[in-house]
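Here is what each chain is made of, one letter per residue.
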Amino acid sequence: MMRKKRRSSVDKGEGASTTTTKAKKSRSAGRQQKEAVSEETNESVFCVFLRGAGVTLRQDGTSNEIAVDQVVFQKRIQQQLQKSPRYPGIVQEFLTGLESHIEDPERFRNCLLPCVPLLSNGDSSCVSSFQESLLRMLLGIELLQTLIINTLLEKLPEFMFDGTGDGGLSVPRIIINQLKWLDRVVDSKELAAKLMELVSVAPVEVQCDIITSLPEILEDSQHNDIARQLNSLLQENTQLTVPILDALSSLNLSSSLLTEVREAVMATLAAVQLEDLPVVVKFILHSVSASDAYEVVCNLRKKLELEQCVLPPVLQASQRCLKSKGAAVSASTPAAASSQDSVTLILDGIKSAVRFQKTISEAWVKAIESVDEVEDHKVIDLLVLFILHSTNANQSRRGAERVLKVKVRAGQIQEALLQKTFRDYIQVMRGYFTSILALAQSLLRSPDPCVVPFGGHMYRHSFIVFDSYCQQEVVGSLVTHVCSGVGGEVDMALELLCGLVTEKPAEMALYAVFVKGILDYMDNLTPQQIRRLFHVLSRLAFGQQQQGSHIQDDMHIVIRKQLSSTVPKYKRIGIIGAIMIVGSMGAFRPKVKESQNGSLPQETFRQVTALLELVQSSSESSPEAAALYYDELANLILSSTLDPQVQEMIGKSVLDDFQEDFVVDLGPDITGSFPFPVREMYNLDEEESQGGIAINLMPLLAIDLQNKGEQQSRTKKAHKRVSPLCLSPFFRLLRLCEEKQHHGDLEEIDALLGCPLILTDMDIVDKMESLSKAEREFLCNLLFHTINWFREVINAFCRQKETEMKVKVMTRLQNITYLQSLLERALAGTPGYVPPVANFDGESTDGIILSSTAPVNKTKKDGSGRKRKAPGKNSSGSTSQLEEGTEAEETQQEQPEMEKEKEVRQGVSLVSYRQFFRELDMEVLSVLQCGLLSRSLLDSELNTKVQEEVLLGPAELVFLLEDMLRKLEFCLTAAPAKRAPFLKVRADKSVGFSHLQQRSSKDIASCCVQLLPALCSHLENCHNHFQTLLSENNGVVDGPATDIQEHQLMSSCYQLLLRVMNTTFSWSGFSQPGQWSLLKKALGALAGRLKEGVAELNLEQLVKHSFEYLLNFHSTMPSLSTALCLSQLLCTVSERGGKPAAYREQTASLARRFLSQEWLTASGEKERGNKFNEALHTLLLIYLEHVEDILKAVEEIAGEGIPELLNASKDESSASWPTLNRQTFLVFYKVLMAELEKAVRKIPAGKISDNMELQSEKLLTWNLAVRDFYILVNLVKVFDSRLVLNVCLKYGRLFLESFLKLGMPLLDYSFKRHKEDVQSLLKTFQLSTRQLHHMCGHSKIRQDTSLTNHVPALKKSLELFIYRVKAMLTLNNCQEAFWMGNLKNRNLKGEEILSQRSQESEEEEDDEERSLLPQEQTEEETQDSDSEGSKKVNRMDDGDQDITDDSD
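Residues numbered from 1 in each chain as written. Predicted model: local features only at pLDDT ≥ 70, side-chain atom pairs only at ≥ 80, totals over all residues. Heavy atoms only, no water.

Caption draft 1: Local environment of the overall build of the protein. Scanning the protein for helices and strands turns up 59 helices and 15 strands. By the burial criterion, 52% of the 1448 residues in the protein qualify as buried. Residue pairs at least 24 apart in sequence account for 75% of intrachain contacts in the protein once pairs closer than 6 positions are excluded. Of the roughly 64,800 Å² of accessible surface on the protein, a fraction of 51% belongs to carbon and sulfur atoms. (Helix = DSSP H or I, 4+ residues; strand = E, 2+ residues; numbered from the N terminus. Buried < 20%, exposed > 50% of the residue type's maximum accessible area, 1.4 Å probe, protein only. Contact = heavy atoms within 4.5 Å. Areas by Shrake-Rupley, 256 points an atom, 1.4 Å probe, with all protein chains shown as cover.)

Here you go:
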C-alpha cells in the first residue's frame, strides 16, 4: 500500500491509473527479463546502457523504473560510454537512441516525469524514496549534457502551442524545469543564448516560464549579460514586465547595471498594466541604494499616477446602477474593486520598503517636503504619509506628522486633496484608519490655528465613508476632545459634532449615548460651547426624525435638575440647555404626508409651552437668570426658524409683558420717593407729545433697590420682581420677535426709538462731591442702564431705511457718547463701585477686579467734562477711547496744558468697564456708511437736523470704529490655543462678544470688506480735514485756529481707520485659496478709489494700485502713532500680492520720511512719552527691515544723526533725524544694535572655496559692520545710563559671537590675499573690544546686577576672540607676530580701577593682544583716548603688563 501511494503522488496527472497490484509488481526477476527480450529484439545502445545502469523503460503509460541510486546510475552510464571501444562515437549512438525513444510523445513525457524506485526483495534501503526524471539524471552526466540540452530545446517548440495537457501538465514548463538547479552547467553562455532565442519566438506563457526560470538555470557569471538582454526585452514588450522584474530581482547584478535597469523600468512605468504596477514599484524600491534613494523616490512619486488607476466616482456609481438594474456588467464591475486591490498592493510594496529600509522612509519624507506648489501634490503624498505614520518606527511617525502639519500650515495640502483621497480610495484608506485617527487627533490638539480645521476634515470624512466601527471611534475621539477643556480643540470638536448631526442624523443617533457623556464635563465649557453641545444633543433627541429618542428622558432630567439649582452657574447651563431643546422641539417642519398642514403635533406644542413656562418660573427669582433667559430666547429666534405657532405664542407674551413691566404713559408727574428729582429725558418725539410713552427706568431702579433691602429681611417675594437689569435683554427679545413676525418691519415698536426715559437731570454729575455713596452708586447704575438701553435701541433700528429713523439713530449715538463722558466723571467719584451686569451668559462678576481707586484717565481732556452746547441732545461728544487708540493724546502727560484747563474734570477710562455694556451687533457698523460731519459743514448749516443727509460726528465715528476694531481683533486675529495653566482661572476674553462668537470669521471679514468703501470715504475726509488745517495754518499743525479737542478726535478717527483696515487685511483667512475672491474684492475697494474698472485686474495689479492709494495719505499724518499705523497697513497690503520685495523701497523711504519729521501735538508741544517711544521703536524697525543696505543705514544714523544730536543744545533734536533727541536716544540705540547684530548673522560664513571677488565682497561687508559697531560701542562714553550700557553689553556679546562664528573663518582664508584689509578690520574691532572690557570693569564697580549678569558671558567671548585670532595667525604661519600681555581694569573714562591692584591674582583679567606683522606691531592701545600712535613700549608696572600700540 505504501508504495502504491508514493507512485500515485509522483505521477499525478499522468492520466493512466495503474491497477497493478503489489503481487504483480513483485514478480520474479527472471520473468521480467523474458518480457524485455521478447519486446526489444534489436535493442539500441541507449536501451542496453540504461538497463545495464539499472533503469527499466516502460511503454504502457507507467513510469520508468530505477533499481539503483541515481548517482550510481549516472556513474555507470558514464563508465559504459567511456569504456566502450567505440568511444567517442558511441555517445552519438546513445543520443540517437534517446531521440528515437522520445519520438513518441507519451514516452517523452515518461522520460520527463520522475522515475519510480524498483525494490528487490522489499529492501528499501538501497534506493531513496524520490528519484529524478530520466532526462534530468542524464543531464547530470557532463559528457551528454550539452547534447541533451540541445535535443530538449529543439523538442520544446513542438509542444509550445499545446496548452496544458491531461492533469494540467505543461510540457514546455517541465522541459524548462529539467534545466533548473543543475550541479554544473557545462556551457552556460551557449545555454543562455539558446534560451533567449527561444524567448524571442515562444508564446507569452512559455516566455514567462523561461524568463522566471533563468536565475535558477544560469550560473552567476551569466547574470549581468542576461540582465542586459532582459532589460532591452522589457522595453520592447510590457506584457513581460512581471516575469522580467521577477527574474531581475533574483539575479546577482552589479550596482551600475542595477541602476541602468531601474532607470529603464522607471521610463516604462507609465505604460505598465495596472495589475503589474505593484511588482514594478516593489522592484524599484527594493533595488535602491542609500545614495540614490531620494532621487529614485522623487522620480517614482512623479510617475506614479494613482489618480488614473481608479475609476471616477461618477462611473463607479453608474456601474452600480447598471448592476442594480440587472444589466450584465459582470466583467466591468470588478474593475473598480480590482483597481482598489492594485492600489492596495502598490501601497503594501511601499510599506514594506519603508518599514525595512530607513533610507527609503527618509527619502519619501524629503520628496514630499520638496513639493512647493499646491497643484503638484497628489493622492500618493497623503497615502504615503499615512503609511509612514502606520509603521512602528517612532522617527517615521514623527516625520509624517511634522510634514503633514507643515504642508497644511503652508496651504499646500488642502481639503480638496483629502476629499479626493477619501472618495476614491475608501478600501485603501480603511487599512490606515488608526493612523488617520491619530493624525487627526494630533492636528486638532495643535496650538496652531491653521492646522486645526484640517484635522476636523479628516474626522468628518472618516465618519462619512467608513463603517460603523470607525464611526464609533471618531465620535469617541471627538467626545474626548470636547472633555479636554482646551479652547480651540473643544470648539472644533463641537463644530464637527454639529456638522455630523446635520449631515448624518441617523448614523449619529447610534452614538447619542457617547455624546451625552459630555454632560458630566460641562464645568470647563464656555457658554458658547454649552450652546453648541445642547444643540447637538437636542437635535439628536428631539430632531424631526427623533432617531435618538432614547436619550430624551435623560435630557429632561438634566435640564430640570439644573434649572432647580440655586448655584447661578448651573442655573445658567439649565437655561441655555432648555432653550436649545425648545429650538429643536419647536423647529419649523416642512410639510410631510402624515400632517397635511405641516404644523407641530399638539403634544409637542404642549411640551414646548410647558418647558418655556418651567424656565420662566425657575428664573423669576433672579433678575440675572431672567435676563439670560430673554437673551437666549432672542438668540434662538435670531438663529433658527421656529414653528409659526411657537413663534406667535412667544411674540404675543413678550409684547404684553414688556408693555406691562417697562413702559408708562407720559402724563402726570410720577409719585414716589426717589433719590433724585424725576425728569423725562432724551425725548426725540416732543412734537408728538399727545399720548406718548416713556421707559420707566429710574422708578424701577429705586424700587429694585428697595426690594433688595427688603429681601434681606424677607426670604420670599409674593409677586414677580421687575428688574431694570432685564430692560435691555427683554427689549432685544421683543425686537427680534417683531422682526421675525413682520419680516424686518419694526413699525409696531418704532415709538421706542424716540421715546424718553424717566431719569433725572444730568447736571447732577457736576455735584458728585455733595452726594452720599449710595446716591453716587445709584447715579452710576442709572447711567449704565441708560447707555445699555440706547445701545440695544441702536442694535434694533440701525438697519431702518427712512431718513427720520436714521436721524434718530444718529441722535441716540450722540446720546451714548455724551452719557459715556458723564459716566467717566461719575465713576471717578465713585471708587469701589461694581456696575450692573450686562452680559449674562458669563460668570457674572466673578473674577472682575475693579480697584477701589479706579484708573484715572489723564488723557481724556477731549471732553471728559467740558460744558456742552445742549446738555442732552445732538452734541457730538467724546467717547471712551481704546487704550491703544489714543496714542497721540497719551503722550501729552507731561504737558503744562493740564494746568491751563483746571476746569476740566478728570474721568476714568471706560476700557476696564467694557463687559458692563451691552454688545453692539455687527449690523450697527452699517451706520459707518453715513458721511462724516466736519467743521466746514457745521459752519454753513448750524443745525444738523435740517440737513437731508444724515452725518456722523467725529466722536460717534470714534465710538463705532473702536467697537469695530475690538470685534475684528477678537475675530480675525488668530491667537494660538493655549492650554489652561494648572489651577489658574483664565480671564475670559470673550465676555461681551457672545453674539459675535456665533458668526464665522469669514462672515465678519466679508462684512468688513462691504464696509471698506465707507471706511475709505472717512479716511479721505480725515485726510482733507488735516490738509485744510495745514493750508489754513501755513503748513503748521498747531496754528492758532486749531481746536484741540476736534484735532484729537479727528486724529483718533484717522488712526482707528488705519488700524481697522490693517486688522482686516491681516486676516489669516486671506491666504487660503477659497478666500482669494474676497481678498480681490477688498483690494478692489481700495484700488477702485484711484482707477476705474478694477474688476479685470489681477491680484498683483490690485495690490499695486491699493498701495499707491494708501501712499497718498502720508502727507497729513497728525501723529507718529498714526504714521506707524499707515506704515503697518502698507506692509500688510504689500504682502498680500506675493511680491512684497517690490514695495520694500517705497516702504523704507516712507518710514524714513516719518522718522525725519518733527511731530507736534495740537497744542504745539513736541510729542513724547512711552506710547510715542513704542511707536518710534516699531517705525524704526520697519525702516531698517525694508531698507536696501542696512549697514549703510545704521552708519548714517549712528555716524551723522547722533553726532548732530551731541552738538545740539539740551532739548534740541538731530537736524537730519528730528525724531532723534536725548529722550528717544535709547530707542534708536537699542534698535540699531539689535538690527546690526541681526544683519551680521545673515552674512554668509567664509568658505575656502570662495573666489577672490567674493572674499573681497564679504570682507567689505564685515568692515562696514565692524565700523558701525565701533561707532555704537563708543557712544557709551557720552550716553552712560544703565539702560544704554545694558543694551550695549547684551548686543555687544551677540555681535562678538557672530563675528567669531562667521567672520573669523573668512579672515582665515583671506588673510594672505587681503592682509591690509584684515589688519585694519581687526584693529577697528580691537578698539570696540577694549571699550567692552572697560564696561565690564564699570559694571563690577557699580555692582548693578542688571549689568553684571552680562559680564561672564561677554568676558568668555572676549577671551575666545584673542585665541581665535592667534589660531588664524598660526594657520597663516604668522604666529610670531602675536604677542599678549595683561590688561588693566579701567572704568568707562579709561581711568585705572585702583582697587584691582591688590587683588590682581584673583581678578579674571582680559587679555588683548597682537601684532599682525613683525615689523608693524599693531597691539591694542592702552586707552581709547590715545589717538596718536606711539612706538611700541613694553612697560612693567607692578606686575601688570600694559600694551601700547602703533595705531596709524
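This is not the end of the story, as more comes after the structure.
Caption draft 2: Representation of the pattern of salt bridges. Taken as a whole and assessed by the stated rule, the structure comprises 52 salt bridges. The partner of Asp 554 in a salt bridge is Lys 516, with the nearest N and O atoms 2.6 Å apart. Of this pair, Asp 554 sits in helix H32 (residues 552-563) while Lys 516 sits in helix H30 (residues 512-516), and the two are 38 residues apart along the sequence. On the accessibility criterion, Lys 516 (22% relative accessible area) is partly exposed. Close ionic contact of Glu 739 with Arg 799 constitutes a salt bridge, the shortest N to O distance being 3.5 Å. One end of the pair, Glu 739, is in helix H38 (residues 727-741); the other, Arg 799, is in the loop between helix H40 (773-797) and helix H41 (803-828), with 60 residues separating them in the sequence. (Salt bridge = Lys/Arg side-chain N within 4 Å of Asp/Glu carboxyl O.)

Caption draft 3: Up close: helix H36 (residues 644-662). Helix length check: H36 (19 residues) gives 27 Å between terminal C-alpha atoms against 27 Å at 1.5 Å per residue, within 8%. Every buried residue belonging to H36 is among Val 646, Gln 647, Ile 650, Gly 651, Val 654, Phe 658, Asp 661 and Phe 662, and all of these are buried. An end-on view of H36 places all buried positions within 125 degrees of arc, on one side of the element. The exposed set on the far side of H36, more than 90 degrees from its buried face, consists of Glu 648, Lys 652 and Glu 660. (Expected span 1.5 Å × (residues − 1). Arc of directions from axis to C-beta.)

Caption draft 4: How the structure looks around helix H17 (residues 293-303). If you check which residues of H17 are buried, you get Ala 293, Val 296, Val 297, Cys 298, Leu 300 and Arg 301. Buried residues along H17 sit in contact with helix H15 (255-267), helix H16 (277-286), helix H20 (358-369) and helix H21 (379-390).

Caption draft 5: A look at the packing of helix H31 (residues 527-542) against H32. Orientation of H31 relative to H32, taken along the N-to-C sense of each, is 135 degrees, at an axis distance of 9 Å. The orientation of H31 with respect to H32, classified from their angle, is oblique. Note on element contacts: H32 touches H31 through Gln 552, Met 555, His 556, Ile 559 and Gln 562, opposite Phe 534, Leu 537, Ser 538, Ala 541 and Phe 542. For the contact of H31 with H32, a count of residues per class yields six nonpolar, four polar and no charged. (Axes fitted to C-alpha atoms, helices over the stretch in contact; angles between N-to-C directions. Parallel < 35°, antiparallel > 145°, perpendicular 65-115°, else oblique. Nonpolar A, V, L, I, M, F, W, Y, C, P; charged D, E, K, R; others polar.)

Caption draft 6: Main features of a negative patch on the surface. Judged by side-chain charge, Asp 372, Glu 373, Glu 375 and Asp 376 come together as a negatively charged surface patch. The topology assignment puts Glu 375 in the loop between H20 and H21. (Patch = residues over 30% accessible without salt bridge, like charges linked within 9 Å, V, L, I, M, F, W, Y side chains within 5 Å. Lys, Arg positive; Asp, Glu negative; His and termini not counted. Charge placed at Lys NZ, Arg CZ, Asp CG, Glu CD.)

Caption draft 7: Layout of the packing of aromatic side chains. The full count for this structure, using the stated rule, is 39 aromatic pairs. Taken together, a centroid distance of 4.2 Å and an interplanar angle of 10 degrees make the contact between Tyr 630 and Phe 730 stacked. Here Phe 730 lies in helix H38 and Tyr 630 lies in helix H35 (residues 623-639), a separation of 100 residues in the sequence. The class of Tyr 630 is buried, set by a relative accessible area of 8%. In this structure Phe 730 comes out as buried when scored by relative accessible area, which is 2%. Seen in terms of ring centroids, Phe 1269 and Phe 1295 are 4.1 Å apart; in terms of plane orientation they differ by 5 degrees. Their pairing is stacked. Here Phe 1269 is found in helix H55 (residues 1252-1274), whereas its partner Phe 1295 is found in helix H56 (residues 1282-1310), with 26 residues between them in sequence. (Phe/Tyr/Trp six-rings, centres within 6.5 Å; stacked < 30°, edge-to-face > 60°.)

Caption draft 8: Looking closely at the packing of helix H4 (residues 45-53) against helix H5 (residues 70-83). At a minimum axis separation of 9 Å, H4 and H5 run at an interaxial angle of 135 degrees. Here H4 lies oblique to H5, going by the angle between them. The chirality of how H4 crosses H5 is right-handed. Of the residues in H5, those touching H4 at Phe 49, Leu 50, Gly 52 and Ala 53 are Phe 73, Arg 76, Ile 77, Gln 80 and Leu 81. Partitioned by chemical class, the residues of the contact of H4 with H5 number six nonpolar, two polar and one charged. (Left-handed = near helix turned anticlockwise from the far one by under 90°.)

Caption draft 9: Local environment of the nonpolar core. Of all hydrophobic cores here, the largest spans 426 residues; its most connected members are Phe 73, Ile 350, Trp 364, Tyr 1183 and Trp 1262. Element by element, the count of residues in this core is highest for H56, at 14 residues. With residues up to four places along the chain from it excluded, the contact list for Ile 350 reads Val 281, Leu 285, Leu 304, Trp 364, Ile 380, Val 384 and Ile 387. (Core = buried A, V, L, I, M, F, W, Y, C linked by side-chain atoms within 4.5 Å.)

Caption draft 10: Seen up close, the confidence of the model for the protein. The share of residues in the protein with pLDDT of 70 or more is 81%, and the mean pLDDT across the chain is 79. In this model residues 939-947 is a low-confidence stretch, pLDDT under 50, and it forms five contacts with partners more than four residues away in sequence or in other chains. In the predicted structure, residues 976-986 sits below a pLDDT of 50 and forms twelve contacts with residues beyond four places in sequence or in another chain. (pLDDT = per-residue confidence, 0-100.)

Caption draft 11: Layout of the sheet that holds strand E3 (residues 116-117). The strand order across the open sheet built from three strands is E1-E2-E3, with neighbouring strands paired in mixed fashion. Each end of this open sheet is capped by a strand with a single partner; those strands are strand E1 (55-56) and E3. (Pairing = 2+ DSSP bridges.)

Caption draft 12: Examining the environment of Val 793 more closely. By secondary structure assignment, the location of Val 793 is in helix H40. Overall, the relative accessible area of 0% leaves Val 793 in the buried class. Considered as a pair, Val 793 and Asp 750 are 43 residues apart in the sequence and their alpha carbons are 9.7 Å apart.

Caption draft 13: Structural context of the environment of Arg 966. With respect to the secondary-structure elements, Arg 966 resides in helix H45 (residues 954-971). A C-alpha to C-alpha distance of 9.0 Å links Arg 966 and Val 1060, two positions 94 residues apart in sequence.

Caption draft 14: Region of the structure containing unusual backbone geometry. Along the chain, Tyr 87 connects to Pro 88 via a cis peptide bond; the corresponding omega equals 5 degrees. Residue position: Pro 88 is located in the loop between H5 and helix H6 (89-101). One non-glycine residue with positive phi stands out, namely Asn 1373, at about 55 degrees. Structurally, Asn 1373 is set in the loop between helix H59 (1351-1371) and strand E12 (1381-1382).

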